Amino acid sequence: MTAALALGQRCLPAVTGLLAVAVLFVAWQAAASAHWLADGFVPSLADIWRATRHLVRTGEIGGNLMTTLRASAWGLAAGILTGVPLGLSMALLPVFDRIVTPVVRCTYALPKTTLIPLLVLWFGVGGATNVIVIAITAALPLIVYSLRGAREVPRVLLWSARSLGTSRAGLLWRVVLPAALPQILTGVRVALGFTLLVAISCEMIVANQGIGKLIGQYGDQGSYDYLFAALFVTTVVAYALDASLRWSTGALLRWHESGQRGQRGRRHG
Amino acid sequence: MADTLKFTEVAVPSGSRSARTMARRLWRLSQPWLVLLAVLAGWHFATAQEWVRAVFLPSPGVVFATLAHLVISGELWSTLGTSVLRAVLGVVAAGIVGIPLGFAMAEFRVCRWWLSPYVAFGFPLPKIALIPVFTVWLGMDSLSKIALVFATCVFPFIVAAESGASLVSPKLRWAAQSLGTRKHALFRHVILPATVPALLSGVRIALPIGLITVFTAEMVTGGGLGEAIVQAQRYFQSAQVYAYVLVTMLVGYLADAAIARVQRRFAAWAEA
């Protein structure tokens, strides 16, 4: 009896969550089929489902999704490869920090999509422009979080490593980087969110393929069922990416004693 | 490289100590400006030597002259004002709705259960892709853009308030409750103040996203600075494109600096 009750207690959040989603879907379907809203403004769920299946079957969504994800992956990778070393060296070299910080602060707050028209002048409409905007967007949070992470490395760790004869390069690679890893991974998660936002924005402004382009095109045509279908698929993919990042962060940081701090950081991101 | 990780400021030679510290401080303060000067000089040099064509990179003089013209003719103020007003209204509305929702999720289990699936899927949903939908529902004008900013920024606010409030130390609650604090007084005097740092961090996250959203929406469906920038690029008026990008950079910087100031004023006791 008590066991069943405990099980029920544990399942309650999940059940309520499912119920919450179900309520939304039922209300949506009811509004669509009862024509409470002007026709076509809110396509019915059945139409969206049909559109999704059609998009998947024709490969239209797969191809465009791959384009978006490829640009995001390249941009994110470039952002990690530039942002993390930059942030770490800013923590290690105060002079460098003072030189780079103003540049970082100016670009951090810059709404990065306004760079698109400028970069189009340089690189034309297409892949390179988008990847560069994404890379800039991803690099900045990574610089900030790696800098913060490296600054918070306990001095005791550095002193002990030095006194045990660790070389300077070894210090960076084997002490500072692992100690800053929780913060860096938080940075990656923040960067991933911005990456997708900016990738889709770029495609809506200038691109001939990708999810953003697809959505803009269906919006112009007035095919809202297809638009919502593309939107739902994108949301599921974005959610899955974030969830897998969270999961791999947990796996990577299992050794880390202050798991709680990592938890907090992740929740803030 | 790693030397700087040790304590370096240990021994200060006696003698002209104050003059030396003054000089050092001056050198430190001037470094960012030196960087700026170096960038401007390099930019000027590159254009004067015609390493790059003026279409790609106009000289700094031309860009600043264009900027001055935009400012004086008043062209900048109308477009910029429109964009900034939309962003601010959207962010404020998101705060008004999102922060109470976040608190409700932290305080009441029922709210958390019912709302968390929406937050879980609404957060990663790329709201920018809703531009066509909002345009159809609310028109091409300001309303659809404000709504889009609202939709984008409401989730960071919910998450900030929820995680901030649920991280309030239980000891503080117990202490207040054992002193006989009522529920609303507990919220007013314990939970709300303890969540202020998280809320301000939320604002600091939401505002740049709001600006990105406004400018992007304007680039796609017209109006405001976003449209102006796209138009300038379309007619290859590169000096104007650069001038506008500088303006948006300045806007973002000022907004962030303002929040940073508020953070220092009201949340200085929390780690940044």
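Parameters and conventions
Residues numbered from 1 in each chain as written. Chains lettered and ligands numbered in written order. Predicted model: local features only at pLDDT ≥ 70, side-chain atom pairs only at ≥ 80, totals over all residues. Heavy atoms only, no water. UniProt positions renumbered as here; feature names shortened; annotations may be inferred. Contact = heavy atoms within 4.5 Å. Buried area = accessible area lost by both parts, 1.4 Å probe. Salt bridge = Lys/Arg side-chain N within 4 Å of Asp/Glu carboxyl O. Polar contact = N/O pair within 3.5 Å; in protein donor to acceptor, adjacent residues only side chain to side chain. Helix = DSSP H or I, 4+ residues; strand = E, 2+ residues; numbered from the N terminus. Nonpolar A, V, L, I, M, F, W, Y, C, P; charged D, E, K, R; others polar.

Per an unreviewed UniProt entry, chain B is named ABC transmembrane type-1 domain-containing protein, and its organism is Pandoraea vervacti. Chain B has a UniProt comment under Subcellular location (unreviewed entry) that states "Cell membrane". For the record of chain B, the UniProt heading Sequence similarities (unreviewed entry) holds the text "Belongs to the binding-protein-dependent transport system permease family."

As named in an unreviewed UniProt entry, chain A is ABC transmembrane type-1 domain-containing protein, taken from Pandoraea vervacti. The record held by UniProt for chain A lists under Sequence similarities (unreviewed entry) the comment "Belongs to the binding-protein-dependent transport system permease family." UniProt, in the comment section headed Subcellular location (unreviewed entry), describes chain A in these words: "Cell membrane".

Participant: Before we move on, can you summarise the interface of chain B and chain A with the specific residues and values?
Facilitator: Tallying the contact residues gives 61 residues for chain B and 62 residues for chain A. Interface area for chain B against chain A, summed over the two sides, is near 6100 Å², with a carbon-plus-sulfur share of 76%. Our count for the chain B to chain A interface comes out at 0 salt bridges. The interface formed by chain B and chain A contains 5 residue pairs in polar contact (both at pLDDT 80 or more). Of all the secondary-structure elements, those providing two or more residues to the side of chain B that touches chain A are helix H1 (17-48), helix H4 (109-122), helix H5 (131-138), helix H6 (142-166), helix H8 (183-221), helix H9 (224-234) and helix H10 (238-266) of chain B. When its residues are assigned to classes, the side of chain B that touches chain A shows 46 nonpolar, 9 polar and 6 charged.

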